[in-house]
Amino acid sequence: MQKIVTLKGTKDGFQLLVDQSAAFLTIVEETTKLINPLKKEATAAKPIELTIKTGNRLWNEKEKEEIRTLIEEKSYLKIKAIDSEVVKIQRALEWHDEVSTKLEVSTVRSGQIIDVEGDLLLVGGVHPGGTVKASGSIYIIGDLRGIAHAGTKGKEQAVVIANFSYNAQVRIADHVHVVDTAEKEMQDTAAKFEVVYLDDLHILRVSPLNELKKIRPELGNVTGGLING
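Computed from a predicted model, the values in this text were never measured in an experiment. Within each chain, residue numbers correspond to sequence positions counted from 1 in written order. Only residues with pLDDT of at least 70 get local features here, since the model is predicted, and only at 80 or more are side-chain atom pairs given and counted; chain-wide, interface and lining totals rely on the full set of residues. The side-chain numbers reported here are obtained from all heavy atoms of the structure, hydrogens and water having been left aside.

Student: Honestly, the environment of Leu-121 in this entry has me stumped. Any pointers?
Tutor: Comment: elements are numbered from the N terminus, with helices defined as DSSP H or I runs of at least four residues and strands as E runs of at least two. Tracing the sequence through the fold places Leu-121 in strand 7 (residues 119-123). Sequence-wise, Leu-121 and Ser-137 are 16 residues apart; in three dimensions their C-alpha atoms are separated by 8.6 Å. Setting aside chain neighbours within four positions, we find Leu-121 in contact with Thr-101, Lys-102, Leu-103, Glu-104, Tyr-139 and Ile-141. Two residues qualify as a contact provided that any one of their heavy atoms is within 4.5 Å of a heavy atom in the partner residue.

Student: Looking at this model, I keep getting lost on helix 2 (residues 61-74). Mind explaining?
Tutor: Expected helix span is taken as 1.5 Å per residue step, with the number of steps being one fewer than the number of residues. A rise of 1.5 Å per residue sets the reference length of helix 2, with its 14 residues, at 20 Å; its end C-alpha atoms lie 20 Å apart and thus fit the reference within 8%. When a residue's accessible area, from a 1.4 Å probe over protein chains only, is under 20% of the maximum for its type it is buried; when over 50% it is exposed; and in between it is partly exposed. Those residues of helix 2 not exposed but buried are Glu-63, Ile-67, Leu-70 and Ile-71. Seen from one end, helix 2 has its buried residues packed into an arc of 85 degrees, which puts them on one side. Turned more than 90 degrees off the buried face of helix 2, the exposed positions are Glu-61, Lys-62 and Glu-73. Where helix 2 is buried, its residues touch strand 2 (13-18), helix 1 (24-35), strand 3 (48-53) and strand 4 (77-83). In this context, the arc is that of the directions from the helix axis out to the C-beta atoms.

Student: Teacher, can you tell me more about the sheet that holds strand 6 (residues 113-116) here?
Tutor: Note on sheets: strands pair through backbone hydrogen bonds, and any given pair is parallel or antiparallel. Two strands are counted as paired when DSSP detects at least two bridges linking them. Sheet architecture is open: 5 strands sit in the order 6-8-10-12-13, paired in mixed fashion. Of all strands in the sheet, those with a lone pairing partner are strand 6 and strand 13 (175-179), marking the two edges. Strand after strand, the sheet turns through a mean of 10 degrees between neighbouring axes, direction not considered. Note that strand 12 (residues 168-172) and strand 13 share 5 bridges and pair antiparallel. When the sheet's bridge partners are listed, Ala-168 is paired in strand 13 with Val-179. The axes used here are C-alpha line fits, helices contributing only the stretch in contact, and every angle between their N-to-C directions lies in the interval 0 to 180 degrees.

Here it is in structure tokens:
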């Protein structure tokens, strides 16, 4: 017979594995039996962290609060997280927006702003006074002469790729860099695509595009909004 709740020890504490088909009242009763012996292993000064795994079942806020109160009041266990293998439709849609690449085919002129969730692929240029923003990375197939702000919600792994042959301002999260053509050795007027990124010292760097795979190797594993491997 399958157990309703199973307690599993890990190096980081305990996991409580819950039968997703069981009635919640039964889960509460079985959990009460399991946590009593753990009083001897934890103290108020050094509580043991517990992660609850509910499988393909979502608990509502009332159920989460009830199980949290039960465990934390009857023992020195501390609930670290209550994890499920499923998410609400609204959260799934939000996640899709966060990881998807948005395609824009346009020229961003002075005073115009493009602001998207996730990554932005812009086919076109950004004129002085124009701004493009994305919570993820920004890839511009064209000239950047205005402002590009990647990682608007704090994602410091975001990058900006564009032709940086002109004066431009690049922001990644809260960090700002002004690309000044005086810094460059302009041999001709050919487009020069480069990548701007935040290094381990939190300094914005400009590197040749062919170094992107070394700088952000995870970018090569993204397909259809999912990270492979």
